[in-house]
Amino acid sequence: MIEFRNVTKFYPTPHGRKVLLDNFSMTIPAGAKVALIGRNGAGKSTMIGMISGIVAPNRGRILRTGTMSWPMGFSGSFAADVTGRQNTLFVARIYGVDGAALMEFVEDFAELGPFIDMPVRSYSSGMKARLAFGMSMGLGFDWYLIDEVTSVGDTAFRKKSLDVFRNRLNTVGLIMVSHSTTTLRDYCSSGIVLEAGRAVYYSDLEEAIHQHEQNIASTRLG
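About the thresholds
As a convention, each chain's residues are numbered from 1 in the sequence order in which they are written. With the structure being a predicted model, the display of local features is reserved for residues of pLDDT at least 70 and the display and counting of side-chain atom pairs for 80 or more, all residues being used for whole-chain, interface and lining totals. Side-chain calculation: all heavy atoms of the structure are included, whereas hydrogens and water are not. Each pair of strands is called paired provided DSSP finds at least two bridges between the two strands. Numbering of helices and strands runs from the N terminus, with a helix taken as a DSSP run of H or I at least four residues long and a strand as a DSSP run of E at least two residues long. Working convention: axes come from line fits to C-alpha atoms, limited for helices to the stretch in contact. Angles between N-to-C directions cover 0 to 180 degrees. By definition in these notes, contact holds between two residues if any of their heavy atoms fall within 4.5 Å.

A. Here's a closer look at the sheet that holds strand β5 (residues 143-147). Overall, mixed pairing links the five strands, which are arranged β5-β6-β3-β7-β8 in an open sheet. The open sheet has two free edges, formed respectively by β5 and β8 (198-202), since each of these has just one partner strand. Adjacent strand axes in the sheet meet at a mean angle of 15°, parallel and antiparallel pairs treated alike. Looking at chain direction, strand β3 (residues 33-38) and strand β6 (residues 173-177) are connected through four bridges and run parallel. Bridging from a neighbouring strand, Ala35 pairs with Met176 of β6.

B. Representation of the pairing of strand β1 (residues 2-13) within the structure. Direction of pairing for β1 relative to strand β2 (residues 16-28): antiparallel, over a ladder of nine bridges. Note that in β2 the partner of Lys9 across the bridge is Leu21. The antiparallel pairing of β1 with β2 creates a hairpin that spans two residues between the two strands. Bridge count between β1 and strand β4 (residues 59-64): five bridges; the pairing is antiparallel. Bridge pairing in β4 places Phe4 opposite Ile62.

C. Expanded view of the sheet that holds β2. An order of β2-β1-β4 is seen for the three strands of this open sheet, with the pairing classed as antiparallel. Both outer strands of the open sheet, β2 and β4, are each paired with one neighbouring strand and no more. Averaged over all neighbouring strand pairs, the angle between strand axes comes to 25°, with direction disregarded. Taken strand by strand, helix α1 (residues 44-52) contacts β1, β2 and β4, and its axis lies near 130° from that of β1.

Don't take any of this as a statement about function, it's just geometry.
Laid out in structure tokens, this is it:
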């Protein structure tokens, strides 16, 4: 379960305060597959960050039950000056899991070869995504937070990744940000639409997508 209790989030700008959430309350049940939908700058990545705990609300509280993944796509996930192996073993210690077992899974899954023992700063963006995805699948979170992750690797690797991810999603929750409605329809069944400092939950993903499209259309007409 993820519960928002009177959450407000804003940022100061040269033109005044930009409000992303205003006294927002709702509960997302365990196992839900939720799309975060909104125009650029609406606060989707910020909301993912607040759920994960890396971004603090200005007011209110967010309560979580179960383990949360880091936001997949978040570039700050790794210590760049140490190796992929060292990053993996460090994460294992943080989450209290067997380091050797996680390392074995990540080495096999991520297919980084000798790069696993090279500094992460030498990795391409695709290699970083492989490492992050391998670690998150190896840890087995209760909630996965996905923020505009792009497909990486060759066709065989993408298929393997999707097969593992889809299987894992049978028993866990998902909060996903993507500008692709096709991707959202593939993984999500409900949605939260962010617009002008408000967030509205829709139990039907199609209703959420329709509302977002109406929001965009009304701006163009105006």
